[in-house]
Amino acid sequence: MRNKNSLPLLAAALLAFGTLSGCAKQGYPSCAPIDRTPPKVLASTPASGTNNFASNQFVLQMDEYVTIKDADNNVLISPPLQKKPEYTVRGRNVIVRIQDLLENTTDLFQFKGAVVDFNEGNPLPSFEYVFSTGTVIDSMTLRGRVVDALTLKSPKETVSVLAYAEGTPDSAAALEQPRYFTRCDTSGHFAFNHIAAGRYWLLALVDGDRNMRLNKKKKKTFLDSAVTAMRMPRPKDTTAVDTTLADSAARYAYMKPDSIPSHSMRLSLLVSEAQRITGSKALSAGHFQIVTKQPLSNN
């Protein structure tokens, strides 16, 4: 004969088992709070801001286990490299192997959502790693915003911004890679950091094929004249600079971020410009050369 007192105990045991089994799933249990904290970079090797960089790789040490998400599109490299780097994860380290570097050049890697934590996929906030293969890290910047020409709001598409040194031929935008490259954020703002001193032509375009080349089918905009790069801002307290974010900006006087000009650009599918003469010169007796904006035809 079953003891009547055992029935309440059995019911309680079944209830407890059901509660525990609901949290006994692989990964995070459903009853646990969702992790919304993005990963952080604890250190980098070699340290960001290194001069005379001679390694073929750098390593980012993270505070948790992470994975790589579409690095070819989510890591912006300026100046652009001919060969794509290789990205691997080992433990809590992100390893970036570089296959080609130019001499006496400052290289900037911008991580734009390429590193996410292993469990929830929280992305590493925008992070920059910079080094120089020469003795100096370039410390100039160009900043601005691209808006849609019709709505004057942030473009819905992803917009790339390309910078060419003043004096570069117009044809370079269609045939060559730019000197520097970046992308607008969701509000349309862009920033070229760690570029060399000088004046630059800026071109913004919806680069659907991601080849950094201009063609008539792409939405685009450009400034009417070249603009001068300005010094990057830096913290007032140089003794408290995070070494993983350090750069040569610590060597010059403090400049407020709002003192840097912001260049406004309006994106549209431009109509071909009317034909016009852009230059002329005498070649020899009886020979005269005329340069036109558009290719000439027999019509």
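Our subject is the structure that appears above.
Residues numbered from 1 in each chain as written. Predicted model: local features only at pLDDT ≥ 70, side-chain atom pairs only at ≥ 80, totals over all residues. Heavy atoms only, no water.

Draft legend 1. Representation of the sheet that holds strand β5 (residues 86-90) in the model. Pairing is antiparallel in the open sheet, where four strands are placed in the order β1-β2-β6-β5. Two strands close off the open sheet at either side, each with one partner strand: β1 (41-45) and β5. Direction aside, neighbouring strands of the sheet carry axes that sit 20 degrees apart on average. Looking at chain direction, β1 and strand β2 (residues 57-62) are connected through four bridges and run antiparallel. Bridge assignment links V41 to a residue of β2, and that residue is M62. (Pairing = 2+ DSSP bridges. Helix = DSSP H or I, 4+ residues; strand = E, 2+ residues; numbered from the N terminus. Axes fitted to C-alpha atoms, helices over the stretch in contact; angles between N-to-C directions.)

Draft legend 2. Inspection of a nonpolar patch on the surface at higher detail. Together, I277, F288 and I290 make up an exposed nonpolar region whose accessible area comes to about 340 Å². Among the structural elements, I277 can be located in strand β19 (residues 277-284). (Patch = residues over 30% accessible without salt bridge, like charges linked within 9 Å, V, L, I, M, F, W, Y side chains within 5 Å. Areas by Shrake-Rupley, 256 points an atom, 1.4 Å probe, with all protein chains shown as cover. Salt bridge = Lys/Arg side-chain N within 4 Å of Asp/Glu carboxyl O.)

Draft legend 3. Spatial organisation of the nonpolar core. F58, L60, M62, V75, F109, F111 and Y129 are the most contacted members of the largest nonpolar core, which totals 22 residues. At the level of secondary structure, the elements contributing two or more residues to this core comprise β2, β4 (75-78), β6 (93-97), β7 (106-111) and β9 (127-132). When residues no more than four places from it in sequence are discounted, the contact partners of L60 are V41, A43, S44, R92, N93, V94, F111, F127 and Y129. Counting residues in hydrophobic clusters, the runner-up holds 21 residues, among them V159, F190, I195 and V206. (Core = buried A, V, L, I, M, F, W, Y, C linked by side-chain atoms within 4.5 Å. Buried < 20%, exposed > 50% of the residue type's maximum accessible area, 1.4 Å probe, protein only. Contact = heavy atoms within 4.5 Å.)

Draft legend 4. Layout of the pairing of strand β14 (residues 199-205). With five of seven residues buried, β14 is to be regarded as a mostly interior element. Sheet topology places β14 next to strand β16 (residues 227-228); two bridges connect them, and they run antiparallel. When the sheet's bridge partners are listed, R199 is paired in β16 with T228. Of the pairings in the sheet, the one linking β14 to strand β15 (residues 220-222) comprises three bridges and is antiparallel in character. The partner of L203 across the bridge, within β15, is F222.

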